[in-house]
Amino acid sequence: GEQVEQLPSSLIVQEGASVLINCSYTDSASVYFPWYKQEPGKRLQFIIDIRSNMERKQNQRLTLLFDKKTKHLSLHITATQPGDSAIYFCSARNMGYKLTFGTGTSLLVDP
Amino acid sequence: DAAVTQKPRYLIKMKGQEAEMKCIPEKGHTAVFWYQQKQSKELKFLIYFQNQQPLDQIDMVKERFSAVCPSSSLCSLGIRTCEAEDSALYLCSSREGLGGQGTLYFGAGTRLSVL
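Residues numbered from 1 in each chain as written. Chains lettered and ligands numbered in written order. Predicted model: local features only at pLDDT ≥ 70, side-chain atom pairs only at ≥ 80, totals over all residues. Heavy atoms only, no water.

S.K.: Run through the overall build of chain A, naming residues and quoting values.
M.R.: Scanning chain A from terminus to terminus reveals zero helices and 11 strands. Tracing chain A from N to C terminus, the helices and strands come up as β-β-β-β-β-β-β-β-β-β-β. Whereas a compact globule of 111 residues would reach a radius of gyration of roughly 13 Å, chain A reaches 13 Å, a difference of no more than 12%. Projecting the C-alpha coordinates of chain A onto the three principal axes gives extents of approximately 40 × 25 × 20 Å. (Helix = DSSP H or I, 4+ residues; strand = E, 2+ residues; numbered from the N terminus. Rg over C-alpha atoms; globule rule 2.2 N^0.38 Å.)

S.K.: An account of the sheet that holds strand β3 (residues 19–25) of chain A is requested, with residue identities and associated values reported.
M.R.: Residues and elements named next belong to chain A. Taking strand neighbours across the sheet as the criterion, the five strands line up as β1-β3-β8-β7-β6 in an open arrangement whose pairing is antiparallel. The sheet terminates laterally at β1 (4–7) and β6 (56–59), the two strands that pair on one side only. For this sheet the average axis-to-axis angle between neighbouring strands, irrespective of direction, equals 15 degrees. Alignment of strand β7 (residues 62–67) against strand β8 (residues 72–77), held across six bridges, turns out to be antiparallel. Bridge pairing links leucine 62 to isoleucine 77 in β8. (Pairing = 2+ DSSP bridges. Axes fitted to C-alpha atoms, helices over the stretch in contact; angles between N-to-C directions.)

S.K.: Before we move on, can you summarise the interface of chain B and chain A with the specific residues and values?
M.R.: Each partner contributes to the interface: chain B provides 23 residues, whereas chain A provides 16 residues. For the chain B and chain A pair, buried surface summed over both sides reaches about 1,700 Å², with 53% attributable to carbon and sulfur atoms. In this structure, the connection of chain B to chain A is made through one salt bridge. Between Asp56(B) and Lys98(A) there is a salt bridge, with its nearest N and O atoms 3.4 Å apart. There are eight residue pairs in polar contact (both at pLDDT 80 or more) connecting chain B and chain A. (Contact = heavy atoms within 4.5 Å. Buried area = accessible area lost by both parts, 1.4 Å probe. Salt bridge = Lys/Arg side-chain N within 4 Å of Asp/Glu carboxyl O. Polar contact = N/O pair within 3.5 Å; in protein donor to acceptor, adjacent residues only side chain to side chain.)

S.K.: I'd like a description of the sheet that holds strand β7 (residues 65–71) of chain B, backed by residues and values.
M.R.: Residues and elements named next belong to chain B. What the four strands build is an open sheet, ordered β1-β3-β8-β7; its pairing is antiparallel. The two strands at the open ends of the sheet, each matched to only one other strand, are β1 (5–7) and β7. Neighbour-to-neighbour, the strand axes of this sheet turn through a mean angle of 15 degrees, independent of strand direction.

S.K.: Can you break down the state of the cysteines residue by residue, with the values?
M.R.: All names here are of chain B. Scanning the model with the defined rule gives three disulfides over all chains in all. Across the disulfide from cysteine 23 sits cysteine 92; the S-S distance is 2.0 Å. Its S-S torsion of about -65 degrees marks the bond between cysteine 23 and cysteine 92 as left-handed, since a negative value means left-handed. Separated by 69 residues along the polypeptide, cysteine 23 in strand β3 (residues 19–24) and cysteine 92 in strand β9 (residues 88–95) bring together distant segments of the chain. Cysteine 92 shares its class with cysteine 23; the two are buried. Disulfide pairing is shown between cysteine 69 and cysteine 75; the S-S distance is 2.0 Å. (Disulfide = S-S within 2.5 Å. Buried < 20%, exposed > 50% of the residue type's maximum accessible area, 1.4 Å probe, protein only.)

Structure representation (structure tokens):
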């Protein structure tokens with residue numbers, strides 16, 4: 001089945017810095033890639049997604065890049081704020097129903 | 001904002017006891033998923049309901065869990081005999097639409113501790 005890996009597993013940055021979270025998947029049939037954010041004690045929250053017919057998507061300070069050939073995604077967050085501190089999850093879905101989640105990246109933004 | 005409600009937030013059971021947790025999906029959502037998350041790591045798929053019917057579940061759920069959605073507004077996940085390895089955050093999520101369409105919305109979870 002599908003496997004989704006994320007790197008790094010954790011990172012600490014100063015407020016205002018940019019961060020890059022990498023995600024790779026194995027199933028070439030995956031077509032939809034939503035990302036979620038999990039703040040301490042809060043529910044998982046959808047933040048951005050991309051489909052396999054796109055290469056780039058931006059939502060305010062978030063930019064998501066997709067490379068179908070290498071089965072790789074990267075989430076770029078600019079001008080980080082303490083409120084961005086959370087665990088970020090990449091996920092992948094094929095034409096079916098099941099989302100496979102990545103291993104998560106824990107981001108801590110120091111004020 | 002979409003709201004998936006889960007109860008209780010916390011559950012403490014002794015090994016061998018039964019546990020039950022409930023989920024109220026977002027109104028109008030026909031697909032319901034349960035995931036297990038240990039130590040804030042990746043989410044493990046447990047079971048998927050479409051229009052209240054279970055369409056997919058992992059072996060662990062078939063063997064030791066009980067999961068039903070008796071109505072479109074209530075689902076439950078039970079563990080018949082809790083084991084220490086069942087200690088985890090159980091997340092219920094729902095979305096509208098058949099197949100893979102629609103954003104998945106999550107509840108806050110039920111944190112189960114098995115002593």
